[in-house]
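Here's the letter readout for the chains.
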Amino acid sequence: MDRFVPQRVIFEPAALQYPLGQRLEHHFRQLGVEIQTTPSHNRVTGIPGKTAKEKYVQAKQSLVIGVRRTLKFAACKPSAHYQLPLATSCPGFCEYCYLQTTLGPKPALRVYVNIDEILAQAQEYIAERAPQLTVFEGAATSDPIPTEYLTGSLQRSIEFFADTDLGRFRFVTKFSDVDSLLNTDHNGHSEIRFSLNTQKIIGQYERGTASLKSRIEAAHKIALAGYPLGFLLAPIILYDNWKEHYRMLISDLAEALSGISKPSFELITHRFTKRAKANIERVFPTSTLPMQEEERQFKFGQFGYGKYVYPKETMEEIRDFFEEQIGQSFPQSEIKYLV
Ligand code: SF4
């Protein structure tokens, strides 16, 4: 798929004091992309749009280039100890985007030019927890791949963690532009995960992201490059023929990876909160996502709000199905969890 090119770029003036900020400014000037400035990357005005949908779409075509000043990293349980703040938001239009509720109505993309300071802070967290390992998640607030060709931040992070004894890095993506990472020295310390779904679900609900085929090709390249590899099958959605389609997905994966990788699997069934449903209906008013409360079971979440999940018997059917399919195609792989 084509690389992400924003409609407008919004600089924090301080970002231009960093080599990466200067390089990006030159790049976008050459391209003739509209350039604006903002006093703070957290207070961005100048993104047009009247309706909720227009604002959302315009924000996703806006790239803010700033300096990350808060160097206190958020916790990231259970997938890692800390978030590694490399970027925020992403140009994709997944209707069930996990950032939908946290990023607000104008989820502009943000990248940070002070990657050295961010990694120096990671080093401090690693030292604090020594001699235990410290794991950092690079996709807690973004999909970091679409802006990687501009910033090189993932590559820098992977090289940084390759050199640490006690730091580990992981991130997940729905994109496939991974070539710049293939020759990066990773030392087995960075795990790359791909979030996959059936092509029907991707085509219907994940507009603006890579196709299933290109994600599998990218995973194949990552496996050949020797990275630890993982797959998130998420969100698992039941529809006519779901078993046939997910079976095909797992067998396509097995065919692409047989003998070269033992990926791990994380399985997440579709769920929604009332708040997420309201957001989705505002931004995607014609969405066909299955969100009928009466077809679901209500469950209190760990953060005090309730979510609607598939009923218990359906969950058991899903569990049996995926354990069997993954067990057959990837007998040496671990299913880390199914929720
Ligand atoms: S790719 Fe990930 S971050 Fe981007 S819209 Fe989809 S779910 Fe959200």
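So, here's what we can say about the structure. (Residues numbered from 1 in each chain as written. Predicted model: local features only at pLDDT ≥ 70, side-chain atom pairs only at ≥ 80, totals over all residues. Heavy atoms only, no water.)

Now for the overall build of the protein chain. Tallying secondary structure elements over the protein chain gives 10 helices and 16 strands in all. The C-alpha extent of the protein chain, read off along each of the three principal axes, is 55 × 50 × 40 Å. Out of the 339 residues in the protein chain, the part that is buried amounts to 52%. For the protein chain, the accessible surface area stands at approximately 15900 Å², while carbon and sulfur atoms represent 50% of it. Looking at charge distribution, the protein chain has the averaged site of its 40 positive side-chain charges lying 6 Å from that of its 38 negative ones. (Helix = DSSP H or I, 4+ residues; strand = E, 2+ residues; numbered from the N terminus. Buried < 20%, exposed > 50% of the residue type's maximum accessible area, 1.4 Å probe, protein only. Areas by Shrake-Rupley, 256 points an atom, 1.4 Å probe, with all protein chains shown as cover. Lys, Arg positive; Asp, Glu negative; His and termini not counted. Charge placed at Lys NZ, Arg CZ, Asp CG, Glu CD.)

Looking at the ligand, the residues that line it are Lys60, Cys90, Gly92, Cys94, Cys97, Tyr98, Leu99, Asp143, Lys174, Phe175 and Thr209. Per-class residue counts for the shell around the ligand are 6 nonpolar, 2 polar and 3 charged. (Near = heavy atom within 4 Å. Nonpolar A, V, L, I, M, F, W, Y, C, P; charged D, E, K, R; others polar.)

As a further point, take the sheet that holds strand E12 (residues 229-236). Across the sheet, which stays open at both edges, the 7 strands sit in the order E4-E8-E9-E10-E12-E13-E16 with parallel pairing between neighbours. Of all strands in the sheet, those with a lone pairing partner are strand E4 (82-83) and strand E16 (335-338), marking the two edges. One ladder, built from 5 bridges, connects strand E9 (residues 167-173) with strand E10 (residues 190-196); its direction is parallel. The partner of Arg170 across the bridge, within E10, is Glu191. The strands touched by helix H7 (residues 212-224) within the sheet are E10 and E12, with E10 carrying the most contacts at an inclination of about 165 degrees. Contacting E10, E12 and strand E13 (264-269), helix H8 (residues 242-257) runs over the sheet at an angle of about 170 degrees to E12. (Pairing = 2+ DSSP bridges. Contact = heavy atoms within 4.5 Å. Axes fitted to C-alpha atoms, helices over the stretch in contact; angles between N-to-C directions.)

Further remarks concern the side chain of Gln100. Within the element layout of this structure, Gln100 appears in the loop between strand E6 (93-94) and strand E7 (109-112). The class of Gln100 is buried, set by a relative accessible area of 7%. Looking at Gln100, its side chain comes within polar contact range of the side chain of Tyr56, at 2.9 Å. In contact with Gln100, other than residues within four places in its own chain, are Tyr56, Cys94, Glu95, Asn279, Ile280 and Phe284. (Polar contact = N/O pair within 3.5 Å; in protein donor to acceptor, adjacent residues only side chain to side chain.)

Our next topic: the packing of aromatic side chains. The geometry of an aromatic ring pair is captured by the separation of the ring centres together with the interplanar angle, meaning the angle of the planes. On inspection of all chains with the given rule, the structure shows 20 aromatic pairs. For the pair Tyr96 and Tyr205, a centre-to-centre distance of 6.1 Å together with 55 degrees between the ring planes defines the contact as tilted. Residue Tyr96 is found in the loop between E6 and E7, and its partner Tyr205 is found in helix H6 (residues 199-205); the two are separated by 109 residues along the sequence. Stacked on the ring of Tyr310, the Lys or Arg Arg296 has its end atom at 4.0 Å from the ring centre. (Phe/Tyr/Trp six-rings, centres within 6.5 Å; stacked < 30°, edge-to-face > 60°. Lys NZ or Arg CZ within 6 Å of the ring centre and 35° of its normal.)

Moving on, we come to the side chain of Thr134. Summarising the element assignment, Thr134 is placed in strand E8 (residues 134-137). Classification of Thr134 by relative accessible area gives buried; the value is 0%. Engagement of the side chain of Thr134 in a polar contact is seen with the side chain of Arg129, the distance being 3.1 Å. Not counting chain neighbours up to four residues away, the residues in contact with Thr134 comprise His81, Tyr82, Tyr125, Ile126, Arg129, Leu166, Gly167 and Arg168.

It is worth spelling out helix H1 (residues 19-31) at this point. In this model, H1 (13 residues) spans 18 Å end to end at C-alpha, consistent with the 18 Å of a helix rising 1.5 Å per residue. Among the residues of H1, Leu20, Gly21, Leu24 and Phe28 are the ones counted as buried. Summarising the axial view, the buried residues of H1 lie within an arc of 100 degrees, below the 170-degree limit, and thus occupy one face. Away from its buried face by more than 90 degrees, H1 exposes Pro19, Arg29 and Gln30. On the buried face of H1, the contacting elements are strand E1 (8-11), strand E2 (34-37), strand E3 (62-66), E7 and helix H4 (148-151). (Expected span 1.5 Å × (residues − 1). Arc of directions from axis to C-beta.)

Quick look at the pairing of E12 now. Burial analysis of E12 places 8 of its 8 residues in the buried class, the great majority of the element. Direction of pairing for E10 relative to E12: parallel, over a ladder of 5 bridges. Note on E12: the bridge partner recorded for Leu196 is Leu233. With 5 bridges joining them, E12 and E13 adopt parallel strand pairing. Directly across from Leu232, in E13, lies its bridge partner Glu266. Each parallel crossover has a hand, and for E12 linked through H8 to E13 it is right-handed. (Right-handed = clockwise from strand over helix to strand, strands pointing away.)

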